Amino acid sequence: QYSPESVAGADGELDPTEVTFPGCSCRSRSCAVPECPCLRCGHSYSSLGLLLAEQQRQQQPFSRPVFECNSLCCCGEGCQNRLVQRGLRLRLQVFRTQHKGWGVRALQPIPAGSFVCEYAGEVLGYAEAQRRIQAQSPQEPNYIIAVREHLHDGRVMETFVDPTRIGNVGRFLNHSCEPNLFMVPVRVDSMVPKLALFAAADIAAGEELTYDYSGRFRNFPGASREHKALEEENSLRKPCYCGSRTCASFFPWDSSLFSTP
């Protein structure tokens, strides 16, 4: 079932459409820093701030969050701080790749820093995400993504999105160890983020769109904090066919959803 944005999962634990953030009282056509409380909270989209922040993340322990103006804000629909919530605006195509199954390519040039699409699906709680992961066989495709945001006080916020049955074009994006997209959690109406994908470089028409499933921007040698998988875990890992110079040979591995308390 196609859905342009994420929906509440069958477990009913989280509803991404619920509005819990207060709106700004800005009366201008487009909000600006420092007047707008939404923009004061984190990164803005101006001057490719997101792209620059992602490139510098290897040296900096934390990046600022992104809060868009929401449905309770007084600013207009044309506000510069409303981007991801407007959804897909580019011409993309799902196509059959040679070795990786389905993939997605651009049908138009995409400038660096542009919002491309959301990775949309059912937003699940940890228990339901774990149940679904463990019910899958190694031969089945796994679309569930686990995004972990590390807060400065040591807390970790987890978001699980499953587009297996309900989702959008983002579910067909392939992994690459040297991707041309990067993912940013963007919050609009509540603390449940939209998993937004942005262009990490200028992308030509016809080029396949990819991102690193581990959350890294580039798979630089030594940049991975991923633990070395145990030998028995390698049987569960899927081989990577991205073909990049720094290919890790396997998809990123995270055993936490397979473990039992």
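Reading guide: rules and limits
Residues numbered from 1 in each chain as written. Predicted model: local features only at pLDDT ≥ 70, side-chain atom pairs only at ≥ 80, totals over all residues. Heavy atoms only, no water. Core = buried A, V, L, I, M, F, W, Y, C linked by side-chain atoms within 4.5 Å. Buried < 20%, exposed > 50% of the residue type's maximum accessible area, 1.4 Å probe, protein only. Helix = DSSP H or I, 4+ residues; strand = E, 2+ residues; numbered from the N terminus. Contact = heavy atoms within 4.5 Å. Pairing = 2+ DSSP bridges. Axes fitted to C-alpha atoms, helices over the stretch in contact; angles between N-to-C directions.

If you check an unreviewed UniProt entry, the chain appears there as SETMR methyltransferase from Nesospiza acunhae.

Colleague: Lay out the nonpolar core with the relevant residues and their values.
Modeller: If you look at the biggest cluster of nonpolar residues, it comprises 24 residues, and the most contacted ones within it are Ile110, Val116, Tyr119 and Leu209. Sorting the residues of this core by element identifies strand S4 (102–106), strand S5 (115–118), strand S7 (145–150), strand S10 (181–187) and strand S11 (194–199) as the ones contributing at least two each. Ranked by the residues each element gives to this core, the list is headed by S11, at three residues.

Colleague: Describe unusual backbone geometry, listing the residues and the values that go with them.
Modeller: At the junction of Val33 and Pro34, the peptide bond is cis and its omega measures out at 5° in the coordinates. Tracing the backbone shows Pro34 in the loop between strand S1 (7–8) and helix H1 (37–40). Residues other than glycine seldom take positive phi values, yet Ser249 does so here, at roughly 75°. Ser249 gets classed as partly exposed once you look at its relative accessible area, which sits at 44%.

Colleague: Summarise helix H3 (residues 126–135); cite the residues concerned and give the values.
Modeller: Among all positions in H3, only Glu128, Ala129, Gln130, Arg132 and Ile133 are buried. Buried residues in H3 make contact with strand S6 (122–124) and strand S8 (156–162).

Colleague: Tell me about the sheet that holds S1, and please be specific about residues and values.
Modeller: Here we have four strands laid out as an open sheet, ordered S1-S6-S8-S7, and mixed in their pairing. The sheet is open, and its two edges are formed by S1 and S7, each paired on a single side. Pairing of S6 with S8, which is carried by three bridges, proceeds in the antiparallel orientation. Its bridge partner lying in S8, Leu124 is registered against Phe160. Helix-sheet contacts for H3 involve S6 and S8, and the interaxial angle to S6 is about 110°.

Colleague: Give me the environment of Cys75: which residues, what numbers.
Modeller: Inspection of the secondary structure assignment puts Cys75 in the loop between strand S2 (66–67) and strand S3 (92–96). Assessed through its relative accessible area of 7%, Cys75 is described here as buried. Residue contacts for Cys75: discarding those within four places in its chain leaves Cys24, Cys26, Ser28, Cys31, Cys69 and Arg82.

Colleague: Tell me what's going on with the sheet that holds S5, and back it up with residues and numbers.
Modeller: One open sheet holds the four strands; their spatial order is S2-S10-S11-S5, and the pairing between them is mixed. In this open sheet, the two edge strands, each paired with only one partner strand, are S2 and S5. Relative to S11, S10 runs antiparallel, the two sharing six bridges. Note that in S11 the partner of Phe182 across the bridge is Phe198.

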